[in-house]
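# An overview of the molecular structure
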There are 2 protein chains.
Amino acid sequence: MSAIKQIRDYLAENCIDALVLYNSDPHESEYLAPRYCSIEWLSGFKGENAKMVITPSRSVLWTDPRYEIQVAQDLAGSDIEVLMERVPNAISIPDFLKSVEAKTIAIDSLTTSVAAALELQDVTENALICLPDFLDRFWKERPAMPCKDIFEADVRYMGESREERLSWLRGIMEKEGTDYILISELSEIAWLLNIRSSEIDYNPLAMAHLLVSLDDAYLYIRKIGKAHGEITTASTFAALEQAGVSIYDYDEVTSVLSTLLSSPGAKTMKFRIDPSTTNYEIYRLFLESLPENCIVQADSPITVRKACKNSVEIEAMKKAHFEDGIAMEKFLYWIDNNAGEGVTEYDAMQVLDEYRAEIEGYHSLSFGTISAYGPSAALPHYMTPAEGSLELQRCGLYLVDSGGQYDFGTTDITRTVPLGECSQEEMLDYTLVLKAHIRCAMAVLPAGSFGIQLDAISRDCLWRARKNFFHGLGHGVGMFLGVHECPPNVRSRFIDSPMLPGMIFSDEPGIYVQGSHGIRHENLLLCTQDETNDYGSFISFETLTLCHFDTRAIVPGILSSEETEWLNQYNATVYNSLKDSLPQEVADWLYDMTQPIEC
Amino acid sequence: MSAIKQIRDYLAENCIDALVLYNSDPHESEYLAPRYCSIEWLSGFKGENAKMVITPSRSVLWTDPRYEIQVAQDLAGSDIEVLMERVPNAISIPDFLKSVEAKTIAIDSLTTSVAAALELQDVTENALICLPDFLDRFWKERPAMPCKDIFEADVRYMGESREERLSWLRGIMEKEGTDYILISELSEIAWLLNIRSSEIDYNPLAMAHLLVSLDDAYLYIRKIGKAHGEITTASTFAALEQAGVSIYDYDEVTSVLSTLLSSPGAKTMKFRIDPSTTNYEIYRLFLESLPENCIVQADSPITVRKACKNSVEIEAMKKAHFEDGIAMEKFLYWIDNNAGEGVTEYDAMQVLDEYRAEIEGYHSLSFGTISAYGPSAALPHYMTPAEGSLELQRCGLYLVDSGGQYDFGTTDITRTVPLGECSQEEMLDYTLVLKAHIRCAMAVLPAGSFGIQLDAISRDCLWRARKNFFHGLGHGVGMFLGVHECPPNVRSRFIDSPMLPGMIFSDEPGIYVQGSHGIRHENLLLCTQDETNDYGSFISFETLTLCHFDTRAIVPGILSSEETEWLNQYNATVYNSLKDSLPQEVADWLYDMTQPIEC
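Residues numbered from 1 in each chain as written. Chains lettered and ligands numbered in written order. Predicted model: local features only at pLDDT ≥ 70, side-chain atom pairs only at ≥ 80, totals over all residues. Heavy atoms only, no water.

In terms of helices and strands, chain A carries 18 helices and 28 strands. Expected size for 599 residues packed as a compact globule is a radius of gyration near 25 Å; at 25 Å, chain A falls within 12% of this value. On the principal axes, the C-alpha backbone points of chain A span a range of 75 × 55 × 55 Å. When each of the 599 residues of chain A is scored for burial, the buried share is 60%. Within chain A, residue pairs in contact and separated by at least 24 positions form 70% of the contacts whose partners lie at least 6 positions apart. Roughly 23000 Å² of accessible area belongs to chain A as shown, and the carbon and sulfur atoms make up 50% of that amount. Here chain A carries 47 positive and 90 negative side-chain charges, and the mean point of each set is 4 Å from the other. (Helix = DSSP H or I, 4+ residues; strand = E, 2+ residues; numbered from the N terminus. Rg over C-alpha atoms; globule rule 2.2 N^0.38 Å. Buried < 20%, exposed > 50% of the residue type's maximum accessible area, 1.4 Å probe, protein only. Contact = heavy atoms within 4.5 Å. Areas by Shrake-Rupley, 256 points an atom, 1.4 Å probe, with all protein chains shown as cover. Lys, Arg positive; Asp, Glu negative; His and termini not counted. Charge placed at Lys NZ, Arg CZ, Asp CG, Glu CD.)

This part takes up the relation of the copies chain B and chain A. The two chain copies are related to each other by a rotation about an axis together with a translation along it. Of the two same-sequence chains, chain B is brought onto chain A (RMSD 0.0 Å, axial shift 0.1 Å) by a rotation of 180°. Taken together, these values place the two copies in the relation of a two-fold axis. Every residue of chain B has its C-alpha some distance from the rotation axis, and the shortest such distance is that of B:I457, at 2.5 Å. (Least-squares fit on C-alpha atoms with pLDDT ≥ 70 in both.)

As a further point, take the pattern of salt bridges. Residue and element names in this part refer to chain A. On inspection of all chains with the given rule, the structure shows 76 salt bridges over all chains. In this structure, the salt-bridge partner of R66 is D64, at a minimum N-O distance of 3.0 Å. Of the residues examined, R66 reaches a relative accessible area of 39% and is grouped as partly exposed. Accessibility expressed as a relative area gives 1% for D64, which makes it buried. (Salt bridge = Lys/Arg side-chain N within 4 Å of Asp/Glu carboxyl O.)

All names here are of chain A. Spatially, 3 strands are ordered 15-18-19 in an open sheet, and the strand pairing comes out antiparallel. Taken across any chain shown, the strands that pair with only one partner, and hence form the sheet edges, are strand 15 (362–365) and strand 19 (409–410). As paired elements, strand 15 and strand 18 (residues 404–406) share 3 bridges and run antiparallel to each other. Within strand 18, the residue paired with S364 across the bridge is Q405. (Pairing = 2+ DSSP bridges.)

Before going further, it helps to examine the pairing of strand 3 (residues 59–63) of chain B. Where a strand is regular, its side chains alternate between the two sheet faces. Residues and elements named next belong to chain B. Of all 5 residues that make up strand 3, 5 are buried, and the element is covered over most of its length. Neither face of strand 3 is open: one carries S59, L61 and T63, the other V60 and W62, and all of them are buried. Pairing analysis gives 4 bridges linking strand 2 (residues 51–54) to strand 3, with the strands arranged antiparallel. The residue of strand 3 that forms the bridge with V53 is V60. Where strand 2 folds back on strand 3, the antiparallel hairpin that results is connected by 4 residues. The pairing of strand 3 with strand 4 (residues 81–84) spans 4 bridges and is classified as parallel. Bridge assignment links W62 to a residue of strand 4, and that residue is L83.

As for its position among the elements, B:T411 is in the loop between strand 19 (409–410) and strand 20 (413–418). Excluding residues that lie within four positions of it along the chain, B:T411 makes contacts with B:A320, B:H321, B:D324, B:R356, B:S366, B:S402, B:G403, B:G404, B:Y406, B:V483 and B:L524.

The subject of this paragraph is the pairing of strand 1 (residues 18–22) of chain A. All names here are of chain A. Of all 5 residues making up strand 1, 5 are buried, and the element is well covered by its neighbours. Here strand 1 shows a buried face lined by A18, V20 and Y22 and a second buried face lined by L19 and L21. Two strands pair when backbone bridges link them, and strand 1 and strand 5 (residues 105–107) are joined in this way by 3 bridges, in the parallel orientation. Looking across to strand 5, one finds that V20 is bridged to I107. Where strand 1 and strand 2 (residues 51–54) come together, 4 bridges link them in antiparallel fashion. The residue of strand 2 that forms the bridge with Y22 is K51.

Let us look at the interface of chain B and chain A. Listed per partner, the contact involves 33 residues of chain B and 33 residues of chain A. The junction of chain B with chain A conceals about 3000 Å² of combined surface from both sides, 55% of it contributed by carbon and sulfur atoms. Looking only at chain B, the three residues that lose the most surface to chain A are B:R464, B:R466 and B:Y535, adding up to 28% of its buried area. Between chain B and chain A we count 6 salt bridges in total. B:D460 is the salt-bridge partner of A:R439, the closest N and O atoms lying 2.5 Å from each other. (Buried area = accessible area lost by both parts, 1.4 Å probe.)

Glancing now at the nonpolar core. Grouped together as the largest cluster of nonpolar side chains are 195 residues, with contacts concentrated most on A:F331, A:Y398, A:F541, B:F331, B:Y398 and B:F541. Not counting chain neighbours up to four residues away, the residues in contact with A:F541 comprise A:C440, A:A441, A:A443, A:L445, A:L454, A:M499, A:F505, A:L525, A:L526, A:C527 and A:T528. (Core = buried A, V, L, I, M, F, W, Y, C linked by side-chain atoms within 4.5 Å.)

This next bit is on the environment of B:A153. The topology assignment puts B:A153 in the loop between strand 7 (151–152) and helix 6 (155–158). With residues near it in sequence (within four places) discarded, B:A153 still touches B:M158, B:N194, B:I195 and B:R196.

Turning our eyes to something else, we now look at the packing of helix 17 (residues 561–578) of chain B against helix 18 (residues 584–593) of chain B. Residues and elements named next belong to chain B. At a minimum axis distance of 10 Å, the contact between helix 17 and helix 18 shows a crossing angle of 165°. Judged by the angle between their axes, helix 17 and helix 18 are roughly antiparallel. Between helix 17 and helix 18 lies a crossing whose hand is left-handed. Between helix 17 and helix 18, the residues in contact are N571, V574 and Y575 and A587, L590, Y591 and M593, respectively. Of the residues contributing to the contact of helix 17 with helix 18, the split by class is 6 nonpolar, 1 polar and no charged. (Axes fitted to C-alpha atoms, helices over the stretch in contact; angles between N-to-C directions. Parallel < 35°, antiparallel > 145°, perpendicular 65-115°, else oblique. Left-handed = near helix turned anticlockwise from the far one by under 90°. Nonpolar A, V, L, I, M, F, W, Y, C, P; charged D, E, K, R; others polar.)

This paragraph deals with the side chain of A:E185. Residue and element names in this part refer to chain A. Along the chain, E185 falls in the loop between strand 8 (180–183) and helix 8 (186–193). We note that E185 is buried and unpaired, the nearest opposite charge coming from K306 at a distance of 4.6 Å. Within polar-contact distance, the side chain of E185 engages the side chain of S187 at 2.6 Å. A polar side-chain atom of E185 sits 3.0 Å from the main-chain amide nitrogen of E188. (Polar contact = N/O pair within 3.5 Å; in protein donor to acceptor, adjacent residues only side chain to side chain.)

Below, the discussion takes up helix 1 (residues 3–13) of chain A. All names here are of chain A. Listed as buried for helix 1 are A3, I4, I7, R8, Y10 and L11. Considered in projection along helix 1, the buried side chains sweep an arc of 160° and stay on one side of the axis. Looking at the buried residues of helix 1, the elements they touch are strand 1, helix 2 (38–43), strand 2 and strand 3 (59–63). Positive phi appears at C15, one or two residues downstream of helix 1, with a value of about 55°. (Arc of directions from axis to C-beta.)

Any covalent bond linking the sulfur atoms of two cysteines counts as a disulfide. Using the criterion set out here, one finds 0 disulfides over all chains in the structure. A:C130 supplies the cysteine sulfur nearest to A:C15, a cysteine that is in no disulfide, at a spacing of 18 Å. Among the cysteines around B:C422, which has no disulfide bond, B:C395 carries the closest sulfur, lying 7.7 Å off. Owing to a relative accessible area of 13%, B:C422 belongs among the buried residues under this scheme. (Disulfide = S-S within 2.5 Å.)

All chains considered together, the criterion is met by 48 aromatic pairs over all chains. Aromatic pair A:F505 and A:F541: ring centres 5.4 Å apart, planes at 85°, arrangement edge-to-face. In this pair, A:F505 is assigned in strand 24 (residues 504–507) and A:F541 in strand 28 (residues 536–543), connecting sequence segments 36 residues apart. Given the relative accessible area of 0%, A:F505 is considered buried. Linked through ring pairs, A:Y157, A:Y362, A:Y406 and A:F408 together constitute an aromatic cluster. Directly above the ring of B:W168 sits B:R305, whose terminal nitrogen or CZ lies 4.8 Å from the centroid. (Phe/Tyr/Trp six-rings, centres within 6.5 Å; stacked < 30°, edge-to-face > 60°. Lys NZ or Arg CZ within 6 Å of the ring centre and 35° of its normal.)

The next point concerns the sheet that holds strand 11 (residues 217–221) of chain B. Residue and element names in this part refer to chain B. One open sheet accounts for 6 strands, arranged 12-11-10-8-13-14; its pairing is mixed. Strands with a single pairing partner mark the edges of an open sheet, and in this sheet they are strand 12 (245–249) and strand 14 (295–297). Pairs of neighbouring strands in the sheet enclose a mean axial angle of 20°, with direction left out of account. The sheet contact formed by strand 11 and strand 12 spans 5 bridges and is parallel. Considered in strand 12, the bridge of L219 is made with I247. This element, helix 9 (residues 231–242), spans strand 11 and strand 12 of the sheet and lies at about 130° to strand 12. Against the sheet, helix 10 (residues 253–262) contacts strand 8 (180–183), strand 10 (208–213), strand 11, strand 12 and strand 13 (271–273), and its axis sits at roughly 25° relative to strand 10.

Put into structure tokens, the structure is as follows:
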């Protein structure tokens, strides 16, 4: 009997009208450990955006148009219905639940966000039925919680010790009168405690919750497990304890919290939680245990502080981009010499990944490399398949979006390169996207400006050509943390935190033409303090990425003279920075590649 | 005894800790009838942004740095303390009230907005003491309510009859299940009923409230008064009654509403009000009379509909800009020939106002003309004084910001012109502002974009030069209604309604250098539907204003070739559109003025 059938029977037996499941883990993480890939397990659908509602008689899966083709393939032959989000007149999960008159709604409260749970709660007068780890009873081979080595981040690259960061946090708590703060967001815990792991793909993070009081700190982490006999983890735990951080097992978080929150003293205290990164199971524990005035619901104070890199972190990130640039230039040289020789997108990906892995201090990729030729590149989130990927020809455009996690930083870079002759449309789009990239890189904004303003300045030239792309211009990037970090959000429909000096983010405009080609040019930029004068204070941007832009696909007359000058200057900087660290033949080739062009 | 002293005594006698007064009328109007210029009457301060708190022992006035010099002059010799808004660490009115431990707070509830009242209510546990028209008892010579002729807007220019507009509104009410909607915003009433007046300076509006039900409409307006014996008003009222609009006197609104809301049937009905334009006296009447579920608090549905001009209105606005352009060109010719001949800013203003007044269908100015030479122009809201205004010399820059109200539309235009030799800085700033203007005029945006995005695209070139200006890039403009209309808001810190086809707004970047010069280049633009393709739907902008930009102060090398082409094309269009309607000598001069330049 299929899992879905078993679940349906369970729902019917227990008078539950609907079970709602999200592709999510207990920490609102972007990448999921296999244990939490529940929608894939249930349905076979591998797309990142996936939610399901199972009722005693129906199974419905939600995704968005990016996955239209994939979902049809993955669900072929199943009786799962598909509904699309982000389309006109989309039927949302609450809409659907109302339409089937669901009164009794169950969730896995560990993997449901507070926002999602509150939205579901609006549908029905009955309290949601919270079933933490509900799937355990049906998923016999469910992967265990990840349990990897925990190690210390090198403070030489972090610029601040965990004691300093804890003391900063406690300063805020003291000022606000907060007794405890709960942190469930994994990169915030890693940042605060200067610890790293590899429990989640591409993210150097450990699964954990952290409770900090003015005097103590309690870390809930996989304490016992196969990897944890290792010396690194033991010494990390010792170092943490020395800094006043007590270590508990991950699974104890609910029971310890439960005891603490129901203690008589708790009602005289203030607990701060961030509902955007706390799972609903823990959230309701707070709300059910304490009067409202004991709970401060607010964005974590760590988010913005972590996003603004200190000078040591910035230097380390520059080192990461130097090393990463060497790997990238070696790769682009290889591509230039091997395209048309029978190599595929997948082969190319392996070559690049290998160059990165050779770097001392390399930890992992920062996301799965996108190696995409011709029409493959028209899919912004193309997953290069091991079998059947396209062979690179000596014509058209090849796009590679990739990055690494190093002890000293995180990188994210996209280059699109001509492999030979390109069509006029390809070259025009190539140049327009480069112009949009440069407009962002050269921008100056008043202090306190928002990502939406930078996004508009960059896209202006694409819009005038009646073109556009449907992802953000940029996202924040962590310091040996997640490659996607908020803030900043450099997007078209979004105002959150202003862009602040020290923030590092991607500048990655694109144009995608289905069935034909895709172009994206991506560097990481550092937001820096610029001039202060009678007009106020300004910010501007320093490019961190060190890898030349190919000038061979540029159409003359589109870049302005100052944009051309920026490009020539940038390519010269790349050559001068890397030439002595590249194999001679690559350096010679790069010299040719970085000769200045005229506008 | 001064009025303030009398008020203080009154407060002390009645155990009121503080009286809060706003420069406001019962309709949240931008311009105030003299009756509502209460802060000016009390303090002598004429600035537009003014609020006061009077306690038994202190008087404090709030304004913002724009009025720093003026407030010092106007309050010289008084014991009124001044506090500034919009500065770092500003002390707000609630801050102040808390600091003086005000528990019993009084307001004139007729001239206090809902937002302001709710903010004050947060300060104290005691209910606010609402004293409508409180100043009447102290202000012996208080001007009466304005009472001017009410006339019908010409439906040939409006494109829709009042019956059609009422029927559209009732369609929305029906769909939503609303029984009554109250409209207090004067331009919404004028638009809906196609009536106009001149009860408020520069705004062709009548003081009124309007209550619309599915079958009836009740207009509260100055029914009896000196102007109202006139034939126009009588025939307007007759036409309104024919359209099912019953006329009541303005002063009856509270008592009629009070009776209606306390009637037994009211509790089964839905009343829609817009708290952003309802005064607190009426708002509390609703909240005190009815259960919460009978009141729908929402932005008025008229706001966005009114902002999107129909094709007849657009044609009429084009006619207004044609006529206005003739007046402007005649004026600029006059300036070019008379500067340096002893004429002052004030003389120039009178000449321009006279040219406008000659236009058939002229109703009034759309705001007080700003005629500013040299350092005067550095004040964006300079009020040209009748006595002692600067004499125009044959050098430097002269700025004129002005507009008219015509039966067929509303205009708003700023031109800055060189009167002779200009400094390098003046010319550089002149050119940068022109570039910013053109970047907005040439912009293309995806449908659904916001003003903040257009604002950033325009300012980009100023920001790169580390310059900026501290007002919005643009504001919406009404159709023979207020010259300031929202939406759209084309500003740096603001997301409200998206920019929609049919919206008309100003494109008016500037640079202001204190003590030296000020530059602003302003046209009105019409938002139009642009191409729809694989990248979605786009909007772009058509310039309505017809008046050339002076090319004599342009520094070469700053405008791009496409911006230069736009400018040459625009100037040619102005010449070709107006030449046959101008006096021959003006046409000849304009021919020279509009010769194409190189970039």
